[in-house]
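# Close look at the chain arrangement
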Amino acid sequence: MLSATRPYGTTIPITIKGHPMNHAIHLATAASLALVSISPAFASPETLQLTPGNMLAQTHSSAMLFTVTGTYRQLAGTLTFDPVAKTCAVDVTFQTRSLALPNAIVRGQVMAKDFLDPQKYPTSRYVGTCADNGTMMIGNLTNHGQTHKFDMKITYVVKDGKLIGIDTEGAFNRYHWGLNGESMTVGKMIRVTNKISLDGKPPT
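## Considering the packing of aromatic side chains
By the definition in use, this model includes four aromatic pairs. Aromatic pair tyrosine 72 and phenylalanine 94: ring centres 4.9 Å apart, planes at 40°, arrangement tilted. Here tyrosine 72 is found in strand S3 (residues 66-72), whereas its partner phenylalanine 94 is found in strand S5 (residues 87-95), with 22 residues between them in sequence. Owing to a relative accessible area of 7%, phenylalanine 94 belongs among the buried residues under this scheme. When the ring of tyrosine 126 is compared with that of phenylalanine 150, the centres are 6.0 Å apart and the planes differ by 85°; the resulting orientation is edge-to-face.

And the structure:
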């Protein structure tokens, strides 16, 4: 996989001392090394297999005086991306029952028939592509048997000049997907955050 160990593009300072012929030799060598270092960023789009080991997918909903965060423990999909062209495509499916929640009471409410209802709708799915010069993820979310447009903001995580992660965040009105349960205690907007690691380390 392309890891985010590949740089977007790096400026390499070159200091040359000595004879003019040595200047040319050192300059040619340095230029070759720079080309080797930078060229991977211009490779064709790379595809990453998405798993819980490299993608942290969470939901955040307001309930009375606190926020309930759920984390998907089972998911599978692909991310195809080109950090130079700032293009990408994602297709990921989540197992509804794998959504880890704070306690049994909250889980019972979320998994009820008028909310996620995993017995009837065992999975949810998101399919999207990058837009607006790589700053937005434009796509569709299938949840509770319904598919509607759902867009998210993209943030690129860079460390030491290297791309190590891609984060997305957005919010949707749960009633548009028929998630009508707990209307008196849970807010209508559900915030979604995804952290995708590109350097082989689990996202946090």
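Having seen it, we continue.
## Focus: the pattern of salt bridges
Under the defined criterion, the tally for this structure stands at three salt bridges. Note that arginine 125 is salt-bridged to aspartate 91, the shortest N-O span being 2.6 Å. Residue arginine 125 is found in strand S7 (residues 123-131), and its partner aspartate 91 is found in strand S5; the two are separated by 34 residues along the sequence. On the accessibility criterion, arginine 125 (38% relative accessible area) is partly exposed. According to the relative accessible area criterion, aspartate 91 is partly exposed, its value standing at 25%. The partner of aspartate 151 in a salt bridge is lysine 149, with the nearest N and O atoms 3.2 Å apart.

## Some details on the sheet that holds strand S2 (residues 55-63)
With antiparallel pairing, the 11 strands of this open sheet are ordered in space as S1-S4-S5-S7-S8-S9-S10-S11-S2-S3-S6. Because the sheet does not close on itself, it has two edges, and the strands there are strand S1 (46-50) and strand S6 (99-100). Looking at chain direction, S2 and strand S11 (residues 186-197) are connected through eight bridges and run antiparallel. Looking across to S11, one finds that alanine 63 is bridged to valine 186.

## Side note on unusual backbone geometry
Most peptide bonds are trans, and most residues other than glycine sit at a negative phi. Despite not being glycine, histidine 144 has its phi angle at roughly 55°, a positive value. Within the secondary structure, histidine 144 is located in the loop between strand S8 (136-143) and strand S9 (146-159). Residue classification places histidine 144 among the buried residues on the basis of a relative accessible area of 11%. In the Ramachandran plot, aspartate 160 falls in the positive-phi region, its phi being about 55° despite a non-glycine side chain. Tracing the backbone through its elements, the reader meets aspartate 160 in the loop between S9 and strand S10 (162-173). Assessed through its relative accessible area of 71%, aspartate 160 is described here as exposed.

Conventions and cut-offs
Residues numbered from 1 in each chain as written. Predicted model: local features only at pLDDT ≥ 70, side-chain atom pairs only at ≥ 80, totals over all residues. Heavy atoms only, no water. Phe/Tyr/Trp six-rings, centres within 6.5 Å; stacked < 30°, edge-to-face > 60°. Helix = DSSP H or I, 4+ residues; strand = E, 2+ residues; numbered from the N terminus. Buried < 20%, exposed > 50% of the residue type's maximum accessible area, 1.4 Å probe, protein only. Salt bridge = Lys/Arg side-chain N within 4 Å of Asp/Glu carboxyl O. Pairing = 2+ DSSP bridges.

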